[in-house]
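Chain by chain, the residues:
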Amino acid sequence: QYFAFLYFKRNPEVGASSRIVASKIWNSMTDEEKYPYHQKFKEHQASYAKFLATEEYQRIQELEDEVAELLVDMPKLLPPQNFFYAQSGVAISQKLGEEWKALTPAEREPYIKQSDQLQKDFDRWKEVIAKDGRLQKI
């Protein structure tokens, strides 16, 4: 019910702080003032429950499962700096970005090679799924 209240009272100009303000307002409201939001929540909840029982929703679930099966062996693509980040052990991403920018092309090369290898693996995977018919189903 509180989330229905937030939905109907949100102020995009205020941004994230609007949740804090809305929380204070909600907590100060009487049950009578909250009642319309409880009703809207119940309406949305019932509508969602009906949707979950539809063939359309079941088909969406089936398609999501099919896509997951089709992509199960898809290699991950990562930019070269991710290999640097993973191996550097530095926790602060801003510091990592600065370090990446400070690397010479020669220092970046091992990470670029790793990224290129992943791209090649991905391209080979796309060829495999094109041949076995999975690509047309995606």
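Procedures and definitions
Residues numbered from 1 in each chain as written. Predicted model: local features only at pLDDT ≥ 70, side-chain atom pairs only at ≥ 80, totals over all residues. Heavy atoms only, no water. Salt bridge = Lys/Arg side-chain N within 4 Å of Asp/Glu carboxyl O. Buried < 20%, exposed > 50% of the residue type's maximum accessible area, 1.4 Å probe, protein only. Phe/Tyr/Trp six-rings, centres within 6.5 Å; stacked < 30°, edge-to-face > 60°. Helix = DSSP H or I, 4+ residues; strand = E, 2+ residues; numbered from the N terminus. Lys, Arg positive; Asp, Glu negative; His and termini not counted. Contact = heavy atoms within 4.5 Å. pLDDT = per-residue confidence, 0-100.

1. What to know about the pattern of salt bridges
A pair can form between side chains of opposite charge whenever their charged atoms are brought close.
Now for step 1: Within this structure, the stated rule accounts for 5 salt bridges.
Now for step 2: Among the ionic pairs, Glu66 bridges to Arg59, the shortest N-O distance being 3.4 Å.
Now for step 3: Glu66 sits in the partly exposed class, given a relative accessible area of 36%.
Now for step 4: Arg134 serves as the salt-bridge partner of Asp132, at 3.0 Å between the closest nitrogen and oxygen.
Now for step 5: Classification of Asp132 by relative accessible area gives partly exposed; the value is 42%.

2. Side note on the packing of aromatic side chains
Aromatic rings in a pair are described by how distant their centres are and how their planes are angled relative to each other.
Now for step 1: In the structure shown here, the tally under the stated rule is 4 aromatic pairs.
Now for step 2: On the numbers, 6.1 Å between centres and 70° between planes, the contact of Trp100 with Tyr111 is edge-to-face. Of this pair, Trp100 sits in helix H6 (residues 93–102) while Tyr111 sits in helix H7 (residues 105–131), placing them 11 residues apart in sequence. For the residue pair Trp100 and Tyr111, the accessibility class agrees, reading buried in each case.

3. What about the side chain of Lys34?
Now for step 1: Turning to its location among the elements, Lys34 is positioned in helix H3 (residues 31–52).
Now for step 2: Buried and unpaired, Lys34 has no salt bridge, with Asp31 as the nearest side chain of opposite charge at 4.9 Å.
Now for step 3: Lys34 has contacts with Trp26 and Met29, leaving out every residue within four places of it along the chain.

4. Points about the confidence of the model for the chain
Now for step 1: The predicted model of the chain has a mean per-residue pLDDT of 79, with 78% of residues at 70 or higher.
Now for step 2: Mean pLDDT across the elements of the chain bottoms out in helix H1 (residues 2–9) (51) and peaks in helix H4 (residues 55–70) (91).

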